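# Structural features, examined
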Amino acid sequence: KAGVTQTPRYLIKTRGQQVTLSCSPISGHRSVSWYQQTPGQGLQFLFEYFSETQRNKGNFPGRFSGRQFSNSRSEMNVSTLELGDSALYLCASSLELADTQYFGPGTRLTVL
Amino acid sequence: AQRVTQPEKLLSVFKGAPVELKCNYSYSGSPELFWYVQYSRQRLQLLLRHISRESIKGFTADLNKGETSFHLKKPFAQEEDSAMYYCALHSSYKLIFGSGTRLLVRP
């Protein structure tokens, strides 16, 4: 089976802009989670979606949002970008809620 | 508060030496713990899940509820084991990660 895919792989934006990242889970997986990875804060949970519903949300401002489509694909959006949003954004999928999570390669976002 | 602690940022050993990567957790209830590995320029990969109690690439990890630890061990390190290792706790449908330990295996 193909693994989790994320697009784009690299992105450069300027402060104040917004960005949308996309994630395609492993075929048959219904749950998608998003994480932010930075050198200073490490890996931090953003949110998890299952059956098009957000089931859990991490401690991030409302500028961070996401959604899941009926085919389980997911997008996350960050509005009004700040320099501190520069990070590697990882998507993970699992068969069901609370199952083992498998990660994508990430989208590296740089905010200038 | 639920937390995962990996006290060592860097662990350097020689090839063939034993390896132990430390992980301690804070969690009320029965924890579900994982080890993930990230090789250079590769995605985060699942290494071990404590429930399965299997050995992957020679690594094992035992859950010690008394000491709230889930240390990762390998009897003989190989150069290809050099990578970043993350311990993670599954809680409320999310993974809580430790800060990671970089393992460097020298020839």
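Preceding block: the structure.
Described below are features of the structure shown in this document. This structure is a prediction, so every number in the text was calculated from the model and none was measured.

A tally of regular secondary structure across chain B gives 0 helices and 11 strands. Listing the helices and strands of chain B from first to last along the sequence gives β-β-β-β-β-β-β-β-β-β-β. Taken over the C-alpha trace, chain B has a radius of gyration of 13 Å; the compact-globule value for 107 residues is 13 Å, and the two agree within 12%. Summarising its shape, the C-alpha atoms of chain B cover approximately 40 × 30 × 25 Å along the three principal directions.

Glancing now at the sheet that holds strand β7 (residues 60-61) of chain B. Residues and elements named next belong to chain B. If you walk across this open sheet you meet the 3 strands as β3-β8-β7, and the pairing is antiparallel. Of all the strands in the sheet, just β3 (19-21) and β7 have a single pairing partner and so form its edges. Summarising the sheet, β3 and strand β8 (residues 72-74) pair through 3 bridges and their orientation is antiparallel. Residue V19 lies in a different strand from β8, and its bridge partner there is K74.

It is worth spelling out the interface of chain B and chain A at this point. If you look at the interface, chain B gives 15 residues, while chain A gives 20 residues. Of the roughly 1,500 Å² buried at the junction of chain B and chain A (both faces included), carbon and sulfur atoms supply 56%. Summed over the shared surface of chain B and chain A, the result is 0 salt bridges. Counting across the interface, chain B meets chain A through 7 residue pairs in polar contact (both at pLDDT 80 or more). Contributing elements (two or more residues each) for the side of chain B that touches chain A: β5 (32-38), β6 (45-49), β9 (83-91) and β10 (94-97) of chain B. At 4 residues, the largest contribution of residues to the side of chain B that touches chain A is made by β5(B).

Bringing the sheet that holds strand β1 (residues 5-7) of chain A into the picture now. All names here are of chain A. The 4 strands lie next to each other as β1-β3-β8-β7, forming an open sheet whose pairing is antiparallel. The strands lining the two open edges of the sheet, one partner per strand, are β1 and β7 (64-68). Going from strand to strand, the sheet's axes swing by 20° on average, the running direction of each strand aside. Where β1 and strand β3 (residues 19-24) come together, 3 bridges link them in antiparallel fashion. Within the sheet, the bridge partner assigned to T7 lies in β3 and is S22.

Attention shifts here to unusual backbone geometry. Note the cis peptide between A:T7 and A:P8, where omega equals -10°. On the secondary structure map, A:P8 appears in the loop between β1 and β2 (10-13).

Residues and elements named next belong to chain A. Mapping Q68 onto the fold places it in strand β7. Looking at Q68, the relative accessible area reads 6%, which means it is buried. Along the primary structure Q68 and C23 are separated by 45 residues, whereas in three dimensions their C-alpha atoms are 9.4 Å apart. If we ignore the near neighbours within four places in the chain, the residues touching Q68 are R30, S31, V32, Y49, F50, S51, E52, T53, R73 and S74.

With that out of the way, let us pick up the environment of B:L10. All names here are of chain B. By the secondary structure assignment, L10 is in strand β2 (residues 10-14). For L10, a relative accessible area of 53% translates into the label exposed. Sequence separation between L10 and L103 is 93 residues; the distance between their C-alpha atoms is 6.0 Å. Among residues more than four places away in sequence, those in contact with L10 are T101, R102 and L104.

With that out of the way, let us pick up the packing of aromatic side chains. Considering all chains together, one arrives at 11 aromatic pairs over all chains under this definition. Measuring from ring centre to ring centre gives 5.7 Å for A:F47 and A:Y49, while their planes differ by 65°; the resulting arrangement is edge-to-face. Here A:F47 falls in the buried class, since its relative accessible area comes to 0%. Judged by centre distance (5.3 Å) and plane angle (85°), the ring pair of A:F103 and B:Y36 falls under edge-to-face. In this pair, A:F103 sits in strand β10 (residues 102-103) while B:Y36 sits in strand β5, so the two residues belong to two different chains. When its relative accessible area of 1% is taken as the criterion, B:Y36 is described as buried. The structure contains a cluster of three or more aromatic residues connected by ring pairs, namely A:Y35, A:F45, A:F103, B:F34, B:Y36, B:Y86 and B:F97.

Conventions and cut-offs
- Residues numbered from 1 in each chain as written.
- Chains lettered and ligands numbered in written order.
- Predicted model: local features only at pLDDT ≥ 70, side-chain atom pairs only at ≥ 80, totals over all residues.
- Heavy atoms only, no water.
- Helix = DSSP H or I, 4+ residues; strand = E, 2+ residues; numbered from the N terminus.
- Rg over C-alpha atoms; globule rule 2.2 N^0.38 Å.
- Pairing = 2+ DSSP bridges.
- Contact = heavy atoms within 4.5 Å.
- Buried area = accessible area lost by both parts, 1.4 Å probe.
- Salt bridge = Lys/Arg side-chain N within 4 Å of Asp/Glu carboxyl O.
- Polar contact = N/O pair within 3.5 Å; in protein donor to acceptor, adjacent residues only side chain to side chain.
- Axes fitted to C-alpha atoms, helices over the stretch in contact; angles between N-to-C directions.
- Buried < 20%, exposed > 50% of the residue type's maximum accessible area, 1.4 Å probe, protein only.
- Phe/Tyr/Trp six-rings, centres within 6.5 Å; stacked < 30°, edge-to-face > 60°.

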